[in-house]
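Structural features, examined
In case you want the letters, here they are:
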Amino acid sequence: MAFQQSIKILCCVLLAASAAHAQVQVKQAALPYAGFKALEPRIDARTMELHYGTHYAGYVKNLNAGLTDATASGLKLPATDLTGLIRSVKSLPAPLNTTVRNQGGGAWNHGLYFKHLAPPASPSVQAAAISPQLKAAITLSFRTVENVTAELTAAAGKVFGSGWAWLCYTGNSGVPLAITTTPNQDNPLMGNLPGAPAVKHAGCTPILGIDVWEHAYYLKHGPKRPEYLADFWKVLSWQAVSANYAAALAGNVAAMVA
Amino acid sequence: MASGRVINLARFLGRAAEPAAAAQSSALQYSTVGGVAAYKLPDLPYDHSALEPVISGEIMELHHKKHHAAYVTNLNKALEEYADAESNKDLQKMISLQSAINFNGGGHINHDIFWTNLCPEKDAAPPSGELLAAIEAKWGSLEKFTATFSAKTAAVQGSGWGWLGLNKETKALEIATCANQDPLAAKGLVPLLGIDVWEHAYYLQYKNVRPDYLKAIWKVVNWENVAQRYKAAKA
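Since the structure is predicted, the reported quantities are computational estimates derived from the model, not experimental observations. (Residues numbered from 1 in each chain as written. Chains lettered and ligands numbered in written order. Predicted model: local features only at pLDDT ≥ 70, side-chain atom pairs only at ≥ 80, totals over all residues. Heavy atoms only, no water.)

**Here we look at the interface of chain A and chain B**
Taken together, the 15 residues of chain A in the interface contact 17 residues of chain B. Interface area for chain A against chain B, summed over the two sides, is near 1700 Å², with a carbon-plus-sulfur share of 63%. When the buried area of chain A at its contact with chain B is split by residue, Phe160(A), Glu214(A) and Tyr218(A) rank highest and sum to 40% of it. At the surface where chain A touches chain B, the tally comes to zero salt bridges. (Contact = heavy atoms within 4.5 Å. Buried area = accessible area lost by both parts, 1.4 Å probe. Salt bridge = Lys/Arg side-chain N within 4 Å of Asp/Glu carboxyl O.)

So, in structure tokens, the structure goes:
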């Protein structure tokens, strides 16, 4: 009897141990439109194919490899989802912190980006698709939609080198939205990172992201980033951004990138 | 109203290694028109298509006539505004212009060096003499040097450069990487050979396969130019 009890206890302990070391792996978000040609003529199919199929895929692959190495070495991860890992990047040991920052950041940022685009003919890219909730937040923070798109465009144009421009939820009910930029694949959820320049509104939750790495536009536009930015607004889904805003308010940030 | 004074670009860049920075930026061409100093876009020492098939003519044209040209234009604009601010004793404005001067000044310095570091494949010869001896002493062989350089440069996150530089104090060769257009001089190294890994340097041809670009570019490195820079740096 005691022997059988011991076996049961041993099995429970082993199951618990293996659950603690269960693999945390991240997946690419599926495109919510019909393939790489869907955003033509604004974003060309070849860019979509490379950007989604190689750049974004590469970030996910490299992140997963880093996570596998970390858990194999016995590290207990502070979170089991991408957003949780991004938020806790500062607390991670090397080399996982660098992997989560660069590869995890790339995975998170591109998930948000690809999911909030839509074909140029889709009604969701029209301003009319902005939810009343988001409209109210825009009014409080920027007065008009024209203002927020103009300021975001300006911020995106000023990023030097590789990086992103963001419209973020600040958590401040008086001024709920703010614009910020981050270099490389950093993102405001990471907070202020040691050795990196301070991020305006660090810790805020992005609901809209503009990729200004050259790979996002170089095949079609060469060095002309302003022309890419004009194209971007024609395929930006305000419906998706509205959903992101609702998710941010509800504390369900992970849904934006999955 | 521009003051017409020549502004030493080195003042703003690489304060930690001003002599090294000054030596580099003094080689940049500028003209003075109506009392206003303006940096000039240098001509390439070869045709835009001369580095084919390693670097396409399309990339070279865009890189030289758009990207580098924009750095020069924006640098001159920032310097003119800086001169105005200085004569108006507007310190806040002067401070706010620093990043534009760093970005565009660094971009101009770096690309000015880059074009001379390259040459058509038929004119390229491997390093020899003192430079080769120094490379072999430090890395064991030219192959090990290029492999190490390529690996470190491929690992640059986002936009930046890989460099072979000379440490002015130790007189030793070093490999270093810099982000964006940060000048190498800020690390206390004299730039000898720089490889641009901003995506615009290779994307149209190599797409995201930066390691392929880094493998190929060694075919068009002008080691004679690197050797000249090495000799001047050691002096």
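Once the structure has been displayed, the description carries forward.
**Examining the environment of Ala78(B)**
Residues and elements named next belong to chain B. Topologically, alanine 78 is positioned in helix α2 (residues 57-87). Looking at alanine 78, the relative accessible area reads 4%, which means it is buried. For the pair alanine 78 and alanine 100, spaced 22 residues apart in the sequence, the C-alpha separation amounts to 6.4 Å. (Helix = DSSP H or I, 4+ residues; strand = E, 2+ residues; numbered from the N terminus. Buried < 20%, exposed > 50% of the residue type's maximum accessible area, 1.4 Å probe, protein only.)

**Looking at helix α6 (residues 145-158) of chain A**
Here α6(A) contains 14 residues, and its C-alpha end-to-end distance of 20 Å stays within 8% of the 20 Å for a straight helix at 1.5 Å per residue. Tucked inside the fold, the buried residues of α6(A) contact α5 (132-142), β1 (163-169), β2 (177-183), β3 (205-211), α8 (225-235) and α9 (238-250) of chain A. (Expected span 1.5 Å × (residues − 1).)

**A closer look at the UniProt feature "domain: Manganese/iron superoxide dismutase C-terminal" (unreviewed entry) in chain B**
Per the UniProt annotation, the sites labelled "domain: Manganese/iron superoxide dismutase C-terminal" (unreviewed entry) are residues 127-229 of chain B. The span residues 127-229 of chain B is 42% helix and 22% strand, and its two end C-alpha atoms sit 13 Å from each other. (UniProt positions renumbered as here; feature names shortened; annotations may be inferred.)

**Examining the side chain of Lys207(B)**
Along the polypeptide, Lys207(B) turns up in the loop between α6 (203-206) and α7 (210-217). At a separation of 2.9 Å, a polar atom in the side chain of Lys207(B) contacts the main-chain carbonyl oxygen of Leu204(B). With residues near it in sequence (within four places) discarded, Lys207(B) still touches Arg46(A), Leu50(A), Leu219(A) and Tyr202(B). (Polar contact = N/O pair within 3.5 Å; in protein donor to acceptor, adjacent residues only side chain to side chain.)

**Description of the pattern of salt bridges**
According to the stated counting rule, one finds nine salt bridges over all chains in the structure shown. The partner of Lys77(B) in a salt bridge is Glu81(B), and the shortest N-O contact between them spans 3.7 Å. Separated by four residues within a single helix, Lys77(B) and Glu81(B) lie in helix α2, roughly one turn from each other. Owing to a relative accessible area of 26%, Glu81(B) belongs among the partly exposed residues under this scheme. A single salt-bridge network, built from bridges that share partners, covers Arg42(A), Lys220(A) and Asp231(A).

**Examining the nonpolar core**
Membership of the largest hydrophobic core comes to 75 residues, with the highest contact counts inside it found for Ile207(A), Leu208(A), Ile210(A) and Trp238(A). Ranked by residue count, the leading element in this core is helix α2 (residues 45-72) of chain A, at eight residues. When sequence neighbours within four positions are dropped, the list of residues in contact with Leu208(A) reads Leu112(A), His116(A), Leu152(A), Ala165(A), Trp166(A), Leu167(A), Phe232(A), Trp233(A), Leu236(A), Trp238(A) and Val241(A). Counting residues in each nonpolar core, the second largest holds 66 residues, with Leu142(B), Trp198(B), Ala216(B) and Val226(B) among its members. (Core = buried A, V, L, I, M, F, W, Y, C linked by side-chain atoms within 4.5 Å.)

**Describing the pairing of strand β3 (residues 160-167) of chain B**
Residues and elements named next belong to chain B. Among the eight residues in β3, eight count as buried, and that is most of the element. Residues Gly160, Gly162, Leu164 and Leu166 of β3 are buried on one face, and the alternating residues Trp161, Trp163, Gly165 and Asn167, pointing to the opposite face, are buried as well. Strand direction decides the pairing type here: β3 and strand β4 (residues 173-179), joined by seven bridges, are antiparallel. Bridge pairing in β4 places leucine 164 opposite isoleucine 175. Connecting β3 to the antiparallel partner β4 that follows it, the hairpin turn spans five residues, and lysine 171 within it adopts a positive phi of roughly 60°. Across seven bridges, β3 lies against strand β5 (residues 189-196) in antiparallel orientation. Each bridged residue has a counterpart across the sheet, and for leucine 166 the counterpart in β5 is valine 190. (Pairing = 2+ DSSP bridges.)

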